Amino acid sequence: MSQALSTAFMETDHNPQARTQSPGLEKFLADVERRALIMAEIATRNREEALDLVQDSMIAFVTKYAHKSEADWPPLFHRILLNRIRDWYRRSAVRNRWKGWFGFDDDQVDPIQTAPDPRRITPETELRRDESRDAIGAALRQLPLRQQQAFMLRVWEGLDVKDTAKAMGCSQGSVKTHLFRAMQSLRGQLQEYR
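Keep in mind that this is a model prediction, so the values were computed, not measured. (Residues numbered from 1 in each chain as written. Predicted model: local features only at pLDDT ≥ 70, side-chain atom pairs only at ≥ 80, totals over all residues. Heavy atoms only, no water.)

**Looking at helix α4 (residues 47-65)**
Item 1. Its 19 residues give α4 an end-to-end C-alpha distance of 26 Å, which sits within 8% of 27 Å, the value for a rise of 1.5 Å per residue.
Item 2. Among the residues of α4, those classed as buried are A50, L53, V54, S57, M58, A60, F61 and V62. (Helix = DSSP H or I, 4+ residues; strand = E, 2+ residues; numbered from the N terminus. Expected span 1.5 Å × (residues − 1). Buried < 20%, exposed > 50% of the residue type's maximum accessible area, 1.4 Å probe, protein only.)

**Considerations on empty space enclosed by the protein**
Item 1. Tallied over the full model, the rule gives one cavity of 30 Å³ or more.
Item 2. If you add up the space inside the largest cavity, you get close to 40 Å³.
Item 3. Lining the largest cavity are M39, A43, L82, I85, L145, Q148, Q149 and M152.
Item 4. Contributions of two or more residues to the lining of the largest cavity are made by α3 (22-44), α5 (73-102) and α8 (145-156).
Item 5. Here the element with the most residues in the lining of the largest cavity is α8; it accounts for four residues.
Item 6. Taken together, the residues that form the lining of the largest cavity break down as six nonpolar, two polar and no charged. (1 Å grid on protein atoms, 1.4 Å probe; cavity = no way out; pocket = protein on both sides within 12 Å on 5 of 7 lines; lining within 4 Å. Points joined across faces, edges and corners; volume = space filled by probe spheres on them. Nonpolar A, V, L, I, M, F, W, Y, C, P; charged D, E, K, R; others polar.)

**Some points on the packing of α3 against α8**
Item 1. Taken N-terminus to C-terminus, the directions of α3 and α8 make an angle of 160°; their axes are 11 Å apart at the nearest point. Of the possible angle classes, the one that applies to α3 and α8 is roughly antiparallel. Along this stretch, α3 crosses α8, giving a crossing that reads as right-handed. Between α3 and α8, the residues in contact are R35, I38, M39, I42 and A43 and Q148, M152, L153 and W156, respectively.
Item 2. Grouping the amino acids of the contact of α3 with α8 by side-chain chemistry returns seven nonpolar, one polar and one charged. (Axes fitted to C-alpha atoms, helices over the stretch in contact; angles between N-to-C directions. Parallel < 35°, antiparallel > 145°, perpendicular 65-115°, else oblique. Left-handed = near helix turned anticlockwise from the far one by under 90°. Contact = heavy atoms within 4.5 Å.)

Structure (structure tokens):
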């Protein structure tokens, strides 16, 4: 996705500054793409929505910030991604309210999506791995959004406090507070997996 995305922008006349930085920009987008998708998927609990959010974030990033220095790219990209996730939450709240009023149900399970993978190594190993991953994902989804974002940016992305604060649009102290609370909550929820 990122190579095609950045290549499309490199070939247009709308972003001549990005064309001069295309190797660095393509590498950055390729490096951040998978982790950004996981962040968005954890926040939205929906792969298709997450893909849309990441793609939209990448387009906005390339359009607005490709000319900035490479050191500024991580917090700028994550700021865009987090804003897109917040906007998605707001739209979802309104959409769910309307669905609830009219009695629509989105909880139908796709049997193909839930079918077991025949390439698994051993059922026991895969079960333990799945349980751990599911427990971590569930614990992350239960965190308040700001704690989830602080955790994902600091721990998952490896951004420092300053860049995380820039991406989240808050003070460094707030980042530390959100991260501390997230870690406390995750430790409590995941004690049995230590």
